[in-house]
Amino acid sequence: MASQEVLREEPSRGSFINDPKVRGYVFQVVVVILLVAGVWWVVDNVIENLQRLHISSGFGYLKSRAGFDISVSAIPYTSDSTYGRAILVGLINTLIVAVAGIITATIIGFIVGIGRLSRNWLIRKICMVYVEIFRNIPPLLVIFFWYSGVLAVLPVVRESIGLPFGSFLNQRGFYLPRAIWGDGSWLIFVALLVGIAMAWFVARTARQRQMATGQQFPVFWTSLALIVGLPVLAYALSGFPLTFDFPKQSTFNLTGGFHIGPEFLSLYLALSCYTASFIAEIVRAGILGVSKGQSEAAGALGLRPGSILRLVVVPQAMRIVIPPLTSQYLNLTKNSSLAIAIAYPDLTATAGTVLNQTGQAVENVLIMMLVYLIISLLTSAVMNVVNARMALVER
Amino acid sequence: MKHIAIGILGAGALGLMASAASATTLDDVKAKGFLQCGTNTGLAGFAAPDDKGEWKGIDVDFCRAVAAAVFGDGTKVKFTPLSAKERFTALQSGEVDILSRNTTWTINRDTALGLNFVGVTYYDGQGFMINAKKLPGVNSALQLSGAAVCVQSGTTTELNLADYFKANKMEYNPVVFEKLEEVNAAYDAGRCDVYTTDQSGLYGIRLTLSSPADHVVLPEIISKEPLGPAVRQGDDQWYHIVKWTYFALLQAEELGITQANVEEMKTSDNPEIKRVLGQEAETKIGTDLGVSNDWVVNIVKAVGNYGEMFERNVGTGSPLKIARGINALWTKGGLQYAPPIR
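Bear in mind the structure is a predicted one, so any value in this text is a computation, not a measurement. (Residues numbered from 1 in each chain as written. Chains lettered and ligands numbered in written order. Predicted model: local features only at pLDDT ≥ 70, side-chain atom pairs only at ≥ 80, totals over all residues.)

Student: Which residues make up the overall build of chain B, and what are the values?
Tutor: Within chain B, the secondary structure is distributed over 14 helices and 14 strands. Its C-alpha atoms give chain B a radius of gyration of 21 Å, within 12% of the compact-globule value 20 Å for 342 residues. With the C-alpha coordinates of chain B rotated into their principal frame, the extents come out at 65 × 50 × 40 Å. Expressed as a percentage of its 342 residues, the buried residues of chain B come to 54%. Taking all contacts inside chain B whose residues are at least 6 apart in sequence as the whole, residues at least 24 apart take part in 73%. (Helix = DSSP H or I, 4+ residues; strand = E, 2+ residues; numbered from the N terminus. Rg over C-alpha atoms; globule rule 2.2 N^0.38 Å. Buried ≥ 20, exposed ≤ 12 C-beta atoms within 10 Å, placed from the backbone. Contact = placed C-beta atoms within 7 Å.)

Below, the structure written as structure tokens:
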């Protein structure tokens, strides 16, 4: 504002060169031109040098046969699939471990973060030790800790540890029975969906009734009964169509059943534990950021400690927690690229293999950077929406 | 992470090289004062540091031979250990002058990757290794259906493996690591049943396992793996220097020139030996190549002839004890053959 007043006092001396507005535009245009020219220069050089060095370029290779196998794939993939599909398999593996890690890290993080503020000395100290250990060790070492320190010392295949429900744990991972859905099992899924929808409706009605009359309704138990009870009922009605394929011992490995490899397990556990320690600190900071008067007032109204936390403190703390939480989610997703050290075929690993088999480094690195950028931007966008809904509504 | 870093650096380097590439590789190497050689990170017999920290192996000796040809001194060479994934980008981007890293010669690498393989310093083939103690009764690769197989990523091995199991209608579970040491550790820990790579490599790796006697290499060889050094395309002079260094090593063995007798051989009456060693009057063989005329003398002084190099690193003089087999000279029923140096 001050500069405008100065301008008014000293009407332009005839030259627009001294006009800050014009100058601003000129500088911005110059910077944009320099930037575009710089990018163009680099791209042009890359193309020219690739041609001069007789290195093939372009993205046509994505449609060629890959020729290598990938151990973990959520979509059908064989060595006859294309390079493009191999990269897609890696991307899906990255997303699976990132989503699973984010959910687990958030749960552990909230429990530990709240635990650090517990009145119980033992809980407080245990949570503190957890945070200090995992926060101060590089994530790669945490991955190696789980991979070589915990999972690799499990017994060999022939001496697998038997667990309930016909599942096994050994050096090669975790083997679970796989469900085989028979005829009529669609009814179970429909029942599950109906149960969830009804539970949501019950919760909404109960909230409205509590707002209007102050009467409470046991929402939790009703929802549980609906979500579990309806599918079980459907299961019985459709004539028990579910059978299980149990893992069995063969020459080399356990075959059949559902297999979770030690690579996924160690990456998932390591990322969860590591990121949870940061989330715990963020949650603690958020809770401490809520004025003490709030919980004292809630206590004065007769709320129990659990309810104070759930209804008064955490909702307010969330406003402080969510923005830094987004950064942690992004970190976790990007740290998943450390999978390369332990043979989990994530995006970096498969795209790296494609890079080596085709030799097209520029294109592959570009694809990897773009994909991670898009994942991160999407995560940010979702978290921004959540943040906007949590923000203080000003009246 | 490192391969991405190299990828990005490579991309960056390709972008920034502009027109600086006018100088030839030979001039660059001479200006630097040493040869930058891309090798394996640690494979016994091919490229591995010994207990004194000195690099040993056929691949590193080959680089020493090239350095001897260029500088007359086999020690003027620096080694860049590269993983299978990093190797081509490192060569393409000019980080190394020569890639001598037990790399299989294929048409795709010769054409689409912008490389030129100079020859085959070791004829190899892919094999399988298992722990015979844990898997008694398995004595053929055809019994491996259902096995977990440890393999290094970004190799021809990975592709042959997929082809072999598919062709024989067998299933397997690949466990793919980026670095050789990681594959070794995982196999040793029992993460997989089978280790697959080039057979020479399996013998070398077996020595590093916790109980080498328990492991056996299965008889099947499932592929051709001609391993050799490669250079960048577009510099014929450098390509010729490296290629003829390889031929000179073979020619020296054929003529019986060894590290011990090379000085005596200079005064030999045999015109062929004199010609190869640059003792012919007014000879231009070396200078036409771009090196000095006593280049073969320098090479043999530095690393010996091909046979000596082989025996010292992978043959009877080494813990690997691999027989010459098809790597013998053509005069002894092998495949190693050099065009005449004249």
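Picking up where we left off.
Student: Hey, could you go over the interface of chain A and chain B for me, with residue numbers and the actual values?
Tutor: The partner chain B presents 42 residues to the 38 residues of chain A that form the contact. Those elements that place two or more of their residues in the side of chain A that touches chain B are helix 2 (20-52), helix 11 (347-358) and helix 12 (361-390) of chain A. Of the residues belonging to the side of chain A that touches chain B, the class tally is 18 nonpolar, 17 polar and 3 charged. (Nonpolar A, V, L, I, M, F, W, Y, C, P; charged D, E, K, R; others polar.)

Student: I'd like a description of the sheet that holds strand 2 (residues 167-170) of chain A, backed by residues and values.
Tutor: Residue and element names in this part refer to chain A. Taken in spatial order, the 4 strands line up as 1-2-3-8 in an open sheet, and their pairing is antiparallel. Since the sheet does not close on itself, it has two edges, and those belong to strand 1 (161-163) and strand 8 (258-260), each with one partner. Between one strand axis and the next, the sheet turns by 20° as a mean value, whatever way the strands run. With 3 bridges connecting them, strand 3 (residues 173-176) and strand 8 associate as antiparallel partners. Bridge assignment links Phe-174 to a residue of strand 8, and that residue is Ile-260. (Pairing = 2+ DSSP bridges. Axes fitted to C-alpha atoms, helices over the stretch in contact; angles between N-to-C directions.)

Student: Tell me about the environment of Pro-262 of chain A, residues and numbers included.
Tutor: All names here are of chain A. Inspection of the secondary structure assignment puts Pro-262 in helix 8 (residues 262-288). When the 26 C-beta atoms within 10 Å are taken as the criterion, Pro-262 is described as buried. Distance in space between the C-alpha atoms of Pro-262 and Arg-52 is 45 Å, their sequence separation being 210 residues. Non-local contacts of Pro-262, meaning those with residues more than four positions away in its chain, are made with Tyr-147, Leu-151, Arg-172 and Gly-173.

Student: Could you give me a rundown of the pairing of strand 1 (residues 35-40) of chain B, with the residues and numbers involved?
Tutor: Residues and elements named next belong to chain B. Within strand 1, 5 of the 6 residues are buried, which leaves the element mostly enclosed by the surrounding structure. Across 6 bridges, strand 1 lies against strand 4 (residues 77-82) in parallel orientation. Pairing of Leu-35 across the sheet is with Val-77, part of strand 4. Of the pairings in the sheet, the one linking strand 1 to strand 5 (residues 98-99) comprises 2 bridges and is parallel in character. By the bridge assignment, Gly-38 is partnered in strand 5 with Leu-99.

Student: Explain the domain arrangement of chain B residue by residue, including any values.
Tutor: Interfaces are often sized by the amount of accessible area the parts lose when they come together. Residues and elements named next belong to chain B. Parsing chain B into structural domains produces domain 1 (2-123 + 227-332) and domain 2 (126-223). Measuring from the centre of the C-alpha atoms in domain 1 to the corresponding centre in domain 2 gives 29 Å. Each partner contributes to the interface: domain 1 provides 16 residues, whereas domain 2 provides 16 residues. When the residues that make up the side of domain 1 that touches domain 2 are grouped by side-chain class, the tally is 8 nonpolar, 7 polar and 1 charged. (Domains from an automatic or database assignment.)

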